Amino acid sequence: MKATRMWLGAAMALMLAGCATGYHSAADPLRGFTGGYWDEPGPGELLKVGFAGNGYIDRETITAYLMYHCAELAQQRHKPYFRVYSALSDAIRNRPVEVATIGRVGGKLGDWVFVLFDDAQQAGDLATDATLARYASFLHSQEKQS
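Just so it is clear, the structure is predicted and the values come from calculations on it, not from any experiment. (Residues numbered from 1 in each chain as written. Predicted model: local features only at pLDDT ≥ 70, side-chain atom pairs only at ≥ 80, totals over all residues. Heavy atoms only, no water.)

Caption draft 1: Geometry of the overall build of the chain. Secondary structure assignment for the chain yields four helices and six strands. The order of α-helices and β-strands along the chain, N terminus first, is α-β-β-α-β-α-β-β-β-α. Counting every position in the chain, which comprises 146 residues, the buried fraction comes to 41%. Within the chain, contacts between residues separated by at least 24 positions form 68% of all contacts whose residues are at least 6 apart in sequence. With an accessible surface of roughly 8900 Å², the chain has 57% of that area assigned to carbon and sulfur atoms. (Helix = DSSP H or I, 4+ residues; strand = E, 2+ residues; numbered from the N terminus. Buried < 20%, exposed > 50% of the residue type's maximum accessible area, 1.4 Å probe, protein only. Contact = heavy atoms within 4.5 Å. Areas by Shrake-Rupley, 256 points an atom, 1.4 Å probe, with all protein chains shown as cover.)

Below, the structure written as structure tokens:
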């Protein structure tokens, strides 16, 4: 009976330690239940990119994860620049943002943006390499904490 309680306590401690949403795909069958990043085609050349968190993550972390994933997608497409729009109406008016504003989706922290990838720098563009570098240290520090 005492051994059972010990195992139960250890299992609970492990579950609580791993509750915060880490940087991973929401489609990951093992970790996706806590949230994660996702992307889907948007209208035209836009890509809709999002990050869903759970109750154990803060806005700063979600912002870093979302911006890093946008830069990763640009790098995968061999695009040195990309623009981020908070809403489709901002994309139509060409009003990019430098950093995503995170809100609540379904009572949990998370949000999405629209991204446009560029070969040549245009007004409002973010540099892919600089954005990756800016958020990489934050991601690595979060990984060490978990």
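Still to come is the rest of the account.
Caption draft 2: Structural view of the pattern of salt bridges. Enumeration over the complete set of coordinates arrives at three salt bridges. Linking Arg83 and Asp118 is a salt bridge whose minimum nitrogen-to-oxygen distance equals 2.8 Å. Of this pair, Arg83 sits in strand S3 (residues 81-85) while Asp118 sits in strand S5 (residues 108-118), and the two are 35 residues apart along the sequence. For Arg83, the salt bridge goes to Asp125, with nearest N and O atoms at 2.9 Å. With a gap of 42 residues between them, Arg83 in strand S3 and Asp125 in the loop between S5 and strand S6 (126-127) connect regions that are remote in the sequence. By the burial criterion, Arg83 is buried, and Asp125 matches it. Taken together, the shared-partner salt bridges in this structure form one network comprising Arg83, Asp118 and Asp125. (Salt bridge = Lys/Arg side-chain N within 4 Å of Asp/Glu carboxyl O.)

Caption draft 3: Helix H2 (residues 59-76), seen in detail. In a regular helix each residue adds 1.5 Å, so 18 residues correspond to 26 Å; H2 covers 26 Å between its end C-alpha atoms and thus fits that length. Across the 18 residues of H2, 14 count as buried, placing the element largely inside the fold. Capping the start of H2 is the job of one residue whose side-chain oxygen sits 3.2 Å from the backbone nitrogen of Glu60: Asp58. Looking one or two residues beyond H2, the residue adopting positive phi is His78, at roughly 60 degrees. (Expected span 1.5 Å × (residues − 1). Polar contact = N/O pair within 3.5 Å; in protein donor to acceptor, adjacent residues only side chain to side chain.)

Caption draft 4: Main features of the packing of aromatic side chains. Tallying each qualifying case throughout the model produces four aromatic pairs. Ring plane angle 40 degrees and centroid distance 4.9 Å describe the contact between Tyr23 and Tyr37, whose orientation is recorded as tilted. Of this pair, Tyr23 sits in the loop between helix H1 (2-17) and strand S1 (36-41) while Tyr37 sits in strand S1, and the two are 14 residues apart along the sequence. Relative accessible area serves as the criterion here: at 17%, Tyr23 is assigned to the buried category. Measuring from centroid to centroid gives 5.5 Å for Tyr23 and Tyr68, while their planes differ by 85 degrees, and the two rings are edge-to-face. Placement of the pair is Tyr23 in the loop between H1 and S1 and Tyr68 in helix H2, with a sequence separation of 45 residues. Residue Tyr68 is classed as buried on the basis of its relative accessible area of 16%. (Phe/Tyr/Trp six-rings, centres within 6.5 Å; stacked < 30°, edge-to-face > 60°.)

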